[in-house]
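Descriptive structure summary
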Amino acid sequence: VLYAFLCYNDEAAVCAWSKDEEAAVMAKLGTVTEKLTREGRLGPVARLVPTTAATTLRKDGDPPLVIDGPFAETKEQLLGFFVIDCTSLEHALETARELGRANPGGSYEIRPILNFWPGSAGA
Amino acid sequence: VTEPGNDLAWIDAALTSARPQALAALLRYFRDLDIAEEAYQEACLRALKTWPQNGPPRDPTAWLVLVGRNVAIDATRQKSRQAPLPEHDIAAEGDAEADMAERLDEQHYRDDVLRLLFICCHPDLPATQQIALALRIVSGLNVEQIARAFLVSESAMEQRITRAKSRIAHAAVAFEAPGAVERAERLAAVAAMIYLVFNEGYSASHDGAAMRQALADEAIRLARLLLRLFSAEPEIMGLTALLLLQHARSPARFDTDGAVVLLEDQDRTAWNQAMITEGLALIDKAMRHRRRGPYQVQAAIAALHARAARPEDTDWRQIDLLYAALEELTPSPVVTLNRAVAVAKLRGPAAALDMIEPLARPLVGYFHFFGLKGGLLKQLGRNEEARVAFDRAIALANTAAEAAHIRQHLDQLAKEATVAGAKIARDGAKI
């Protein structure tokens, strides 16, 4: 079974890491993901740009409302995600509206991906 | 297995990131910067003692505010000779944490942090004192670190900060929640101060690479903090984008000898791609608001440079238009000087030279004016005039790196003169 591992942490604290601390964490993570790759178990991995770069589309209204910043409600839960190639934020919002018409209600938080490793598991 | 609470580096990062909000909340409570700072210090000491044992609290900022407040209140009571209170049971304080977090809602934090930052940019304080104060109070750098950044002795910096603090102590800063207009004014002043911190690291009067890096990182951290609190402000998006896009180029800005490398000669593969990605995303967000502002325009210019894989791919026409917009928003000879660089690319060095001629008087003591003038004259083959301009630039250079860059131009001119001289001598011999 493919599992998704969703990473949560205090963004301000992570942004306060020094270059060395960042490198140390990445190196330690690297040894784990290398092992997972050898075992053929690693699927796509993404690191996102900080939430300050996020835009949220609330799709329970008509037209859907665009809000600056990350998804902030606690009454709704993360149910899944898409990775879609877009030329700009405007293009990404257009795509989100299209998805929203197919599946109204809730929100999409739209955030650029900083690093993306496609992986091979489940391919 | 290491629990996150046992990891001292984690605690350090948590304390650093919690500082502005925690200190700002304590300042609202005590309305006295020294008491608030002491309370915060004490709360940090307790955090270092208890977090490794009990693990990290759910909301470190709320924990620090609560503990800091209790400590300072106890201290005041003890000073007023009441019966000394027993030490607080810190484990029990954890229970009150959720309640506290709720009371310190986002709106409060926003205005608290804005107030704390705004106090540092009091109009009576010269720019250097504003920067020093912000680094000391908001960022929590120690006096020694700040002194190193400004290349002054520790005692001189201590004095400078003490003087700045006493000046703001007498300034009346309203502690009530600000109105919309006042909030916007504070935000603009704070944004300008953050840009000052960045520029001090980016270009100003010191050559230490490590300090440059530290000041720029700190400015970016402050800008992100502000943006997290004011997430719908396009100018704060623009400011953050501008800092990220400019800082992304820093690995390529100096050659191995420490001389400045111009944008068009930089190794673009050395630019920090993560910062560029974030900066471009932010400027994209800001543009959607269709509320133009100087930081957004400058960020848009930086974005055009960042998007060009090679110097010849640069969209100079768009950059010229953006500088024209900036001239309208914030007219200044320095903006026109920057625009002249784009004009030189579009219409040639002679047109650019015409454009900067009227700037000679206002920019009479400005290094970059003579650097650009020398460069344009050199392109036109007016080498003698170019040499004069470069000589003037060297005299005005703010850093050794700037001077080294101009010296490279002068060396080239000297070499050309020698070659030309040899050619004349050779031709003469033929006759």
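Counting starts from 1 at the beginning of each chain's written sequence and moves along it residue by residue. Labels are handed out in written order, letters beginning with A for the chains and numbers beginning with 1 for the ligands. In keeping with the model being predicted, local features are shown solely for residues with a pLDDT of at least 70 and side-chain atom pairs are shown and tallied solely at 80 or more, while totals for entire chains, interfaces and linings include all residues. Only heavy atoms go into the side-chain values, all of them from the structure, while hydrogens and water stay out.

Brief notes about the overall build of chain A
Each helix and strand in chain A was counted, giving three helices and five strands. Numbering of helices and strands runs from the N terminus, with a helix taken as a DSSP run of H or I at least four residues long and a strand as a DSSP run of E at least two residues long. Ordering the α and β elements of chain A from the N terminus gives α-α-β-β-β-α-β-β. Overall, the C-alpha framework of chain A stretches about 45 × 35 × 30 Å when taken along its three principal axes. Burial status follows relative accessibility: with a 1.4 Å probe on protein chains alone, a residue under 20% of its type maximum counts as buried, one over 50% as exposed, and anything between as partly exposed. Sorting the 123 residues of chain A into buried and exposed places 26% on the buried side. By the convention used here, residues are in contact when the closest approach between their heavy atoms is within 4.5 Å. Residue pairs in contact within chain A that sit at least 24 positions apart in sequence constitute 69% of those at least 6 positions apart. Accessible areas in this description were obtained via Shrake-Rupley with a 1.4 Å probe; residue shielding takes into account the shown protein chains only. Summed over all atoms, the accessible surface of chain A reaches about 8,700 Å², with 59% contributed by carbon and sulfur. This count recognises Lys and Arg as positive and Asp and Glu as negative, with His and chain-terminal groups excluded. Charged groups are reduced to one reference atom each: NZ for lysine, CZ for arginine, CG for aspartic acid, CD for glutamic acid. Within chain A, the 17 negative side-chain charges are centred at a point lying 6 Å from the centre of the 12 positive side-chain charges.

Re the overall build of chain B
Per the secondary structure count, chain B includes 20 helices and zero strands. Partitioning the intrachain contacts of chain B with sequence separation of at least 6 by distance along the chain shows that 64% fall at a separation of at least 24.

Let's talk about helix α7 (residues 127-138) of chain B
Residues and elements named next belong to chain B. One less than the residue count of a helix, multiplied by 1.5 Å, gives the span that helix is expected to have. In a regular helix each residue adds 1.5 Å, so twelve residues correspond to 16 Å; α7 covers 16 Å between its end C-alpha atoms and thus fits that length. Burial runs high along α7: ten of the twelve residues are buried. Along α7, the positions that sit buried rather than exposed are Gln129, Gln130, Ile131, Ala132, Leu133, Ala134, Leu135, Arg136, Ile137 and Val138. Residue Gly140 follows α7 closely and has a positive phi angle near 80°.

Things to note about the confidence of the model for chain A
Summarising the model, chain A shows a mean pLDDT of 91, and 100% of its residues fall at 70 or more. Note: pLDDT gives the predictor's confidence per residue, expressed from 0 to 100. Across chain A, the element-wise mean pLDDT spans from 83 in helix α1 (residues 11-15) of chain A up to 96 in strand β4 (residues 107-110) of chain A.

Here we look at the packing of aromatic side chains
Residue and element names in this part refer to chain B. Side-chain rings of Phe, Tyr and Trp (the six-membered ring for Trp) are treated as a pair once their centres are within 6.5 Å; stacked means planes under 30 degrees apart, edge-to-face means over 60, and tilted covers the remaining angles. Taken as a whole and assessed by the stated rule, the structure comprises six aromatic pairs over all chains. Residues Trp51 and Trp63 carry aromatic rings whose centres are separated by 5.3 Å and whose planes lie at 70° to one another, so their mutual orientation is edge-to-face. Here Trp63 lies in helix α3 (residues 60-79) and Trp51 lies in helix α2 (residues 33-54), a separation of twelve residues in the sequence. Residue classification places Trp51 among the buried residues on the basis of a relative accessible area of 1%. When the centroid spacing of 5.9 Å and the interplanar angle of 80° are considered together, the rings of Tyr195 and Tyr295 count as edge-to-face. Remark: Tyr295 occurs in helix α14 (residues 294-307) and Tyr195 occurs in helix α10 (residues 180-202); sequence separation between them is 100 residues. For the pair shown, Tyr195 and Tyr295 are each scored as buried. Each residue in the set Trp10, Trp51 and Trp63 is aromatic and connected to the rest through ring pairs, giving one cluster. Arg392 extends its terminal NZ or CZ atom over the ring of Phe370, reaching a point 5.6 Å from the ring centre. Think of it as a cone above the ring: NZ of Lys or CZ of Arg counts as a charge over the ring if it is within 6 Å of the ring centre and within 35 degrees of the ring normal.

Considering the interface of chain A and chain B
Chain A puts 26 residues into the contact, and the matching count from chain B is 22 residues. Together chain A and chain B conceal approximately 1,900 Å² of surface at their shared face, both sides included; 59% is due to carbon and sulfur atoms. The largest per-residue losses of area from chain A upon contact with chain B belong to A:Thr52, A:Asp68 and A:Leu89, which jointly make up 32% of the total buried on that side. Salt bridge, as used here: a side-chain nitrogen of Lys or Arg that lies within 4 Å of a carboxyl oxygen of Asp or Glu. Among the ionic pairs, A:Glu11 bridges to B:Arg228, the shortest N-O distance being 3.5 Å. Polar contact is defined as a pair of N or O atoms within 3.5 Å, subject to the rule that within protein one atom must be able to donate a hydrogen and the other to accept it, and that residues adjacent in sequence are counted only when both atoms are side-chain atoms. At the junction of chain A and chain B, the tally comes to five residue pairs in polar contact (both at pLDDT 80 or more). Elements supplying a minimum of two residues to the side of chain A that touches chain B: α1, α2 (19-38), β3 (65-68), α3 (89-102) and β5 (113-117) of chain A. The buried area of a pairing is the accessible area, by a 1.4 Å probe, that goes missing from both parts when the two are put together, added over both.

Quick word on the sheet that holds β4(A)
All names here are of chain A. Between any two strands, pairing holds if DSSP finds at least two bridges. Taken in spatial order, the three strands line up as β3-β2-β4 in an open sheet, and their pairing is antiparallel. Strands with a single pairing partner mark the edges of an open sheet, and in this sheet they are β3 and β4. Between one strand axis and the next, the sheet turns by 20° as a mean value, whatever way the strands run. Relative to β4, strand β2 (residues 55-58) is paired through four bridges, and the arrangement is antiparallel. Bridged to Leu57 within β4 is Tyr108. All axes here are fitted lines through C-alpha atoms, helices being fitted over the stretch that makes contact, and every angle between N-to-C directions spans 0 to 180 degrees. Against the sheet, α3 engages β2, β3 and β4, with an angle of about 160° to β4.

Brief notes about the nonpolar core
All names here are of chain B. Counting 97 residues, the largest nonpolar core has Leu64, Ile194, Leu226 and Leu243 as the members making the most contacts within it. Setting aside anything within four residues of it in sequence, one finds Ile194 in contact with Ala219, Leu222, Ala223, Leu226, Leu239 and Leu243. Counting 24 residues, the second-largest nonpolar core is a separate cluster that includes Phe367, Phe390, Ala393 and Leu410. Buried Ala, Val, Leu, Ile, Met, Phe, Trp, Tyr and Cys residues form a nonpolar core when they are joined through side-chain atoms within 4.5 Å.

Considerations on a nonpolar patch on the surface
Taken together, A:Leu6, A:Tyr8, A:Leu78, A:Phe81, A:Val83 and A:Phe116 make up a surface patch of nonpolar side chains, about 680 Å² in accessible area. Inspection of the secondary structure assignment puts A:Leu6 in the segment before α1. Exposure above 30% relative accessible area and the absence of a salt bridge qualify a residue for a patch, where like charges join within 9 Å and nonpolar side chains (Val, Leu, Ile, Met, Phe, Trp, Tyr) within 5 Å.

Describing the packing of helix α18 (residues 367-379) of chain B against helix α19 (residues 383-396) of chain B
Residues and elements named next belong to chain B. Between α18 and α19, the shortest axis-to-axis distance is 8 Å and the interhelical angle comes to 160°. Relative to α19, α18 is oriented roughly antiparallel. As for the relative orientation of α18 and α19, their crossing is left-handed in sense. Each of Phe367, Phe370, Gly371, Lys373, Gly374, Gly375, Leu377 and Lys378 in α18 lies in contact with α19, whose residues at this interface are Asn383, Glu385, Ala386, Ala389, Phe390, Arg392, Ala393 and Leu396. We call Asp, Glu, Lys and Arg charged. Ala, Val, Leu, Ile, Met, Phe, Trp, Tyr, Cys and Pro are nonpolar, and the rest, Gly among them, are polar. Of the residues belonging to the contact of α18 with α19, the class tally is eight nonpolar, four polar and four charged. By definition in this entry, angles of less than 35 degrees are roughly parallel, angles greater than 145 are roughly antiparallel, angles of 65 to 115 are roughly perpendicular, and the rest are oblique. Definitions for this section: a left-handed crossing has its near helix turned counterclockwise from the far helix by less than a right angle. A right-handed crossing has that turn clockwise.

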